[in-house]
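Architecture at a glance
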Amino acid sequence: MFKKNLIFAVLAAVLMVSSCMAPKNIAYFQNRLVDQPEQIDKHGGIVIQPKDMLSIVVSSKNPELVVMFNLPVVSYQAGSEIVSSGYQKLIGYVVDNEGYIDFPVLGPLKVAGFTRWELSELIKKRLLENGLLTDAVVTVEFMNFKVSVIGEVNSPGTYTVEGDKVTILQAISLARDLTIFGQRENVSVIRERNGERTIYEVNLC
């Protein structure tokens, strides 16, 4: 998975050994199967949950008709009020504890439990049913999909992920790989979902 506001951490334990490590402790995918396809799970998309932050943009052939449905993009300057110069920030919708957002004109929308594609279709359907827009294009993105990588990696930290999928290898790559002391046989993935925390152990060798 990988959930945006959930913590996805790679914990690489420190090996108290000299810098001359055995290659078998460093090489990835030692038991890999070459030219033998492996079945992988289809990624159905991240499900929206309370506390998620969403960017929802409505487009149409007539730009004037969609102004009322889109939140403004504001500009900020460090240490001051909102100004016309500085850096721009897209305002997003924060899903409340009940799973709702307050969408312009349409009012409260229950969004928890939907993927971003399903929410896009829901908003288009509601706009059409209410006679507001007949050619709406709705784009939904997560604004707080992040992955935290800590431990024996070269650049530990929290990274923003585009899209709605990240693999363990992509997360480690963002942190510029494990150091020579990273224990590749014992990498932990921590996921928090639906009020539960689960820890998985992965052997990258």
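Residues numbered from 1 in each chain as written. Predicted model: local features only at pLDDT ≥ 70, side-chain atom pairs only at ≥ 80, totals over all residues. Heavy atoms only, no water.

**Examining the confidence of the model for the protein**
The predicted model of the protein averages 80 in pLDDT, with 79% of residues at 70 or higher. Overall, residues 5-20 carries pLDDT values under 50, and its contacts beyond four positions in sequence, including any with other chains, amount to 57 contacts. In the model, residues 80-86 has pLDDT below 50 throughout and makes 11 contacts with residues more than four positions away in sequence or in other chains. (pLDDT = per-residue confidence, 0-100. Contact = heavy atoms within 4.5 Å.)

**Things to note about helix H2 (residues 116-129)**
In this model, H2 (14 residues) spans 20 Å end to end at C-alpha, consistent with the 20 Å of a helix rising 1.5 Å per residue. Those residues of H2 lying buried are Arg-116, Leu-119, Ser-120, Ile-123 and Leu-127. Projection of H2 onto a plane perpendicular to its axis shows the buried side chains occupying an angular sector of 105 degrees, all on one side. Exposed residues on H2 whose side chains face more than 90 degrees from its buried face are Leu-128 and Glu-129. Against strand S2 (53-59), strand S6 (100-103), strand S7 (107-110) and strand S8 (137-142) lie the buried residues of H2. Once H2 ends, the next one or two residues include Gly-131, with phi positive near 65 degrees. (Helix = DSSP H or I, 4+ residues; strand = E, 2+ residues; numbered from the N terminus. Expected span 1.5 Å × (residues − 1). Buried < 20%, exposed > 50% of the residue type's maximum accessible area, 1.4 Å probe, protein only. Arc of directions from axis to C-beta.)

**Re the sheet that holds S2**
Strand order in this open sheet of three strands is S5-S2-S8, and the pairing throughout is antiparallel. Sheet topology places strand S5 (93-94) and S8 at the edges, where each strand pairs with a single neighbour. Here S2 runs beside S5; their pairing, made up of two bridges, is antiparallel. Across the sheet, the residue bridging to Leu-54 is Tyr-93, located in S5. Contacting S2 and S8, H2 runs over the sheet at an angle of about 145 degrees to S8. (Pairing = 2+ DSSP bridges. Axes fitted to C-alpha atoms, helices over the stretch in contact; angles between N-to-C directions.)

**A look at the nonpolar core**
Of all hydrophobic cores here, the largest spans 37 residues; its most connected members are Ile-56, Val-58, Phe-103 and Ile-123. When residues no more than four places from it in sequence are discounted, the contact partners of Ile-123 are Ile-56, Phe-103, Leu-106, Leu-109 and Val-138. (Core = buried A, V, L, I, M, F, W, Y, C linked by side-chain atoms within 4.5 Å.)

**Here we look at the pairing of S8**
A regular strand places its side chains on the two faces of the sheet in alternate fashion. Only one face of S8 is buried, namely the one carrying Val-138, Val-140 and Phe-142, since none of Val-137, Thr-139 and Glu-141 on the opposite face is buried. When S2 meets S8, the two strands line up antiparallel, connected through six bridges. The residue bridging Ser-55 from the neighbouring strand is Glu-141, located in S8.

**A short note on the environment of Asn-144**
Tracing the backbone shows Asn-144 in the loop between S8 and strand S9 (146-151). The class of Asn-144 is buried, set by a relative accessible area of 15%. Along the backbone, Asn-144 and Gly-92 are 52 residues apart, and their C-alpha atoms lie at a distance of 10.0 Å. A distance of 3.2 Å separates a polar atom in the side chain of Asn-144 from the backbone nitrogen of Met-53. (Polar contact = N/O pair within 3.5 Å; in protein donor to acceptor, adjacent residues only side chain to side chain.)

**Topic: the pattern of salt bridges**
With the rule as written, the count across this model stands at three salt bridges. Close ionic contact of Glu-129 with Lys-125 constitutes a salt bridge, the shortest N to O distance being 4.0 Å. Linking Glu-129 with Lys-125, this pair stays in helix H2, spanning four residues, or about one helical turn. (Salt bridge = Lys/Arg side-chain N within 4 Å of Asp/Glu carboxyl O.)

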